[in-house]
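# Observations on the model geometry
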Amino acid sequence: MTQDRDPAQDHDLAGQRDKAERDSAGDETLAEAFWSVARQLRETSAKTLAPWDINPSQLRALRVLARRGTMHLTQLSEHLHIAPRSTTEVVDALESRGLVRRSPDRDDRRATLVEATEHGLGVLEAIRGTEAGRVFGRLSQADRAHLARILRQLRD
């Protein structure tokens, strides 16, 4: 014999979880606080990137190249989840600033490789420092490390 679940009981349990979450975070749920910080990150992004004349799409591409190394444009498109034509535009903009460089693939003359330049890596490091300071500067080093660990756990 199977037990039927009472929808009202499930609703009560969800309400208790929400109340416990609000009690631990004030009037805001954890999800609300998270999205509030995400909005703050997006808003400060324009201020952070302005001195380098880089937009968020270009920053994402530069980060992928820094993390993954030299790759084909098609691979970069896949990592960014954007169309190849859009990737070409992003790489064109980064290349015009000397942040990435293209080179022919010796094994496949039809393919083009792209990599971050030393200048690009330096700019990325400067942006990271500014970004971290603007949003996370209020946290201690220990809190930053703890938050980073939690966010990586949620991401993975």
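Scroll up a little and you will see the structure.
Residues numbered from 1 in each chain as written. Predicted model: local features only at pLDDT ≥ 70, side-chain atom pairs only at ≥ 80, totals over all residues. Heavy atoms only, no water.

## With respect to the overall build of the protein
Scanning the protein from N- to C-terminus turns up seven helices and three strands. Helices and strands appear in the protein in the N-to-C order α-α-α-β-α-α-β-β-α-α. Relative to its 156 residues, the protein shows a buried fraction of 23%. Restricting to contacts in the protein with at least 6 residues of sequence separation, those with at least 24 account for 47%. Of the roughly 11,300 Å² of accessible surface on the protein, a fraction of 51% belongs to carbon and sulfur atoms. (Helix = DSSP H or I, 4+ residues; strand = E, 2+ residues; numbered from the N terminus. Buried < 20%, exposed > 50% of the residue type's maximum accessible area, 1.4 Å probe, protein only. Contact = heavy atoms within 4.5 Å. Areas by Shrake-Rupley, 256 points an atom, 1.4 Å probe, with all protein chains shown as cover.)

## Description of the packing of helix α4 (residues 73-80) against helix α5 (residues 84-96)
At a minimum axis distance of 9 Å, the contact between α4 and α5 shows a crossing angle of 105°. Considered as vectors, α4 and α5 are oriented roughly perpendicular to each other. In this structure, α4 contributes Leu73, Leu76 and Ser77 to the contact, and α5 contributes Pro84, Thr87 and Val91. Residue composition of the contact of α4 with α5, by class: four nonpolar, two polar and no charged. (Axes fitted to C-alpha atoms, helices over the stretch in contact; angles between N-to-C directions. Parallel < 35°, antiparallel > 145°, perpendicular 65-115°, else oblique. Nonpolar A, V, L, I, M, F, W, Y, C, P; charged D, E, K, R; others polar.)

## Remarks on the sheet that holds strand β1 (residues 71-72)
The strand order β1-β3-β2 describes an open sheet built from three strands, whose pairing is antiparallel. The open sheet is flanked by β1 and β2 (100-105), the only strands paired with a single partner. As paired elements, β1 and strand β3 (residues 108-116) share two bridges and run antiparallel to each other. Looking at the pairing, His72 lines up with Leu113 of β3. Sitting on the sheet, helix α3 (residues 56-68) touches β1, β2 and β3, and the angle it makes with β3 is about 95°. Running over the sheet, α5 touches β2 and β3 and is turned about 120° from β2. (Pairing = 2+ DSSP bridges.)

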